[in-house]
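# What the coordinates show
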Amino acid sequence: MLGKGKHIAILGAGESGLGAAILAHKMEWNVFVSDAGKIKEEFRLDLKNLGVEWEEGRHDEERILNADLVVKSPGIPNTIPLIIALRNRSIPVISEIEFAGYYSKGKKICITGSNGKTTTTMLIHHILKKAGLDVALAGNVGQSFAKQVAEADREWYVIELSSFQLDDMFDFKAEIGILTNITPDHLDRYENEMQRYIDAKFRIINNQTQEDWFIYNFDDPIIKAEIAKRKLSMKTAPFSLKEEIKLGGFATKEQLTINIKNQFTMSIHDLALKGKHNTQNSLAAGIAARIVEIRKDIVRESLEDFVNVEHRLEFVAKVNGIEFINDSKATNINSTWFALESMEKPVVWIVGGVDKGNDYTELIELVKDKVKAIICLGKENQRIIEAFSSSVDSIVEASSALEAVAYGYRLANKDEVVLLSPACASFDLFENYEDRGNQFKQAVRLL
């Protein structure tokens, strides 16, 4: 299958598609890149410099259906006619991660979950880098895995994987697979069948043997129920905030404990990341680090000095005693639940955008407990207003980040927090969650 002169079609010319093209070209495949949309100018230049054939604004189906292998972007659903036609012809359709895995000799720590996967990925990378390992960041964060394999294969990769990437992975194996949690998300891509989404997430342990490790959230009822149905062949190291774990990790209100090789403990209060969900992320990262035999002092130091990813509970500024926090990456109810749960001061909460069928009742108790005022930042705010009008005294509507921040500054007092944690997608008023977060930060700086 892998060889000179064979035809490869790469669908989608974003970061992952370009990376796959670079690697395929290096491995002497006959490369054709096809993007149904418009290709970014910088990627277009890269493709020209590479000297491979490409098209944009369409898919040349006849040419693609003659490929020996197809690498597709995770953004392209498996239900479109072209993908169905490829599969009907038994032409393999794989993800960029799977393709890069064919050529990499590096060991892989892979992280998935509905929430917390980016933070956990960055945290593990931070620890391994501090320990001096030859390590790269890939998948949904960092650079394309394929591009890095093409340029200089590394000894270790820490890879964040979405369910969409996992759907198109078949022979790939993670030496350490991590599942942070499972809550309903992206169900539109799984025909609203929760089990299909669960199955996609559990592909993180595909092909693992008894030499490999599976780190998972012991407190997650969906994960526990799924594990009960399966016969697991790999070593397991769960983490919990509720029970003591003999092989794995757990945390009490005061202390984090990891039982891998020999026991590692540290005070919860020394963790750089606050809130229960971040304690879970720290446990998962710490367990992975100890499996890789990173020294305890380095694990401790890394968990103490880690700086979180942009747009995820990111401290922006303190203005006249009011803290502004950017959690624009919280595009679902569960992420926002975690954000509100970690707040220790009264909150003015900025929420709203494109609602993915949110059930706001899950947040009502937290809102009653933590939130003093709500600012709706979206075009359609009625469902939010109806859900919380009896829980908070003040609800206002804003149509820009600037207006939302101005309201926040007016509604919050000294020693309170203005939190942007939208629980919704951003496409009604912004390009994406990064744009929303950046506009929020810019508005705060103008106060």
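Preceding block: the structure.
A few points on the structure.

Moving on, we come to the sheet that holds strand S6 (residues 107–112). Two modes of strand pairing occur in sheets, parallel and antiparallel, and in both the strands are linked by backbone hydrogen bonds. Here we have 9 strands laid out as an open sheet, ordered S7-S8-S6-S9-S10-S11-S12-S13-S14, and mixed in their pairing. Only two strands of the sheet have a single neighbouring strand rather than two, namely strand S7 (135–139) and strand S14 (262–267). Here the average twist between neighbouring strands, direction ignored, is 15°. Each of S6, S7, strand S8 (156–160) and strand S9 (176–179) is contacted by helix H6 (residues 117–130), which is oriented at about 165° to S8, the strand it contacts most.

It is worth spelling out the pairing of strand S20 (residues 417–420) at this point. Side chains Val-417 and Leu-419 project from S20 onto one buried face, and the interleaved Val-418 and Leu-420 project onto a second face that is buried too. In this structure, strand S17 (residues 347–351) lies alongside S20, joined through 4 bridges in parallel fashion. Looking across to S20, one finds that Val-347 is bridged to Val-417.

Counting 53 residues, the largest nonpolar core has Ile-8, Val-31, Phe-99, Phe-145, Ile-159, Phe-202 and Phe-214 as its most contacted members. The contacts of Phe-202, once residues within four sequence positions are left out, are Leu-179, Ile-182, Phe-214, Ile-223, Glu-226, Ile-227 and Arg-230.

Tallied over the entire structure, the rule returns 26 salt bridges. Between Lys-72 and Asp-168 there is a salt bridge whose closest N-O contact spans 2.9 Å. With Lys-72 in strand S4 (residues 69–72) and Asp-168 in the loop between helix H8 (163–167) and S9, the pair connects residues that are 96 residues apart, well separated along the chain. Through salt bridges with shared partners, one network takes in Asp-199, Glu-226, Lys-229 and Arg-230.

Contact geometry of helix H1 (residues 15–26) with helix H5 (residues 96–103) gives a least axis separation of 10 Å together with a crossing angle of 25°. With respect to each other, H1 and H5 are oriented roughly parallel. With respect to the hand of their crossing, H1 and H5 are arranged in left-handed fashion. Contacts between H1 and H5 involve Ser-16, Ala-20, Leu-23 and Ala-24 from the former and Glu-96, Phe-99, Ala-100 and Tyr-103 from the latter. Tallied by class, residues from the contact of H1 with H5 come to 6 nonpolar, 1 polar and 1 charged.

Structurally, His-125 can be placed in helix H6. By relative accessible area, His-125 is classed as buried at 14%.

Moving on, we come to the sheet that holds S4. Reading across the sheet, the 5 strands line up as S3-S2-S1-S4-S5 and stay open at both edges, with parallel pairing between neighbours. One side of each edge strand has no neighbouring strand; the edge strands of this open sheet are strand S3 (53–56) and strand S5 (93–94).

Within the element layout of this structure, Tyr-409 appears in helix H16 (residues 401–411). Classification of Tyr-409 as partly exposed rests on a relative accessible area of 31%. As for Tyr-409 and Asp-68, which are separated by 341 residues in sequence, their C-alpha atoms are 58 Å apart. Apart from the residues within four sequence positions on either side, Tyr-409 is in contact with Val-319, Asn-320, Ile-322, Phe-324 and Leu-447. In terms of polar contacts, Tyr-409 uses its side chain to reach the side chain of Asn-320, at 2.6 Å.

The rules we used
Residues numbered from 1 in each chain as written. Predicted model: local features only at pLDDT ≥ 70, side-chain atom pairs only at ≥ 80, totals over all residues. Heavy atoms only, no water. Pairing = 2+ DSSP bridges. Helix = DSSP H or I, 4+ residues; strand = E, 2+ residues; numbered from the N terminus. Axes fitted to C-alpha atoms, helices over the stretch in contact; angles between N-to-C directions. Contact = heavy atoms within 4.5 Å. Buried < 20%, exposed > 50% of the residue type's maximum accessible area, 1.4 Å probe, protein only. Core = buried A, V, L, I, M, F, W, Y, C linked by side-chain atoms within 4.5 Å. Salt bridge = Lys/Arg side-chain N within 4 Å of Asp/Glu carboxyl O. Parallel < 35°, antiparallel > 145°, perpendicular 65-115°, else oblique. Left-handed = near helix turned anticlockwise from the far one by under 90°. Nonpolar A, V, L, I, M, F, W, Y, C, P; charged D, E, K, R; others polar. Polar contact = N/O pair within 3.5 Å; in protein donor to acceptor, adjacent residues only side chain to side chain.

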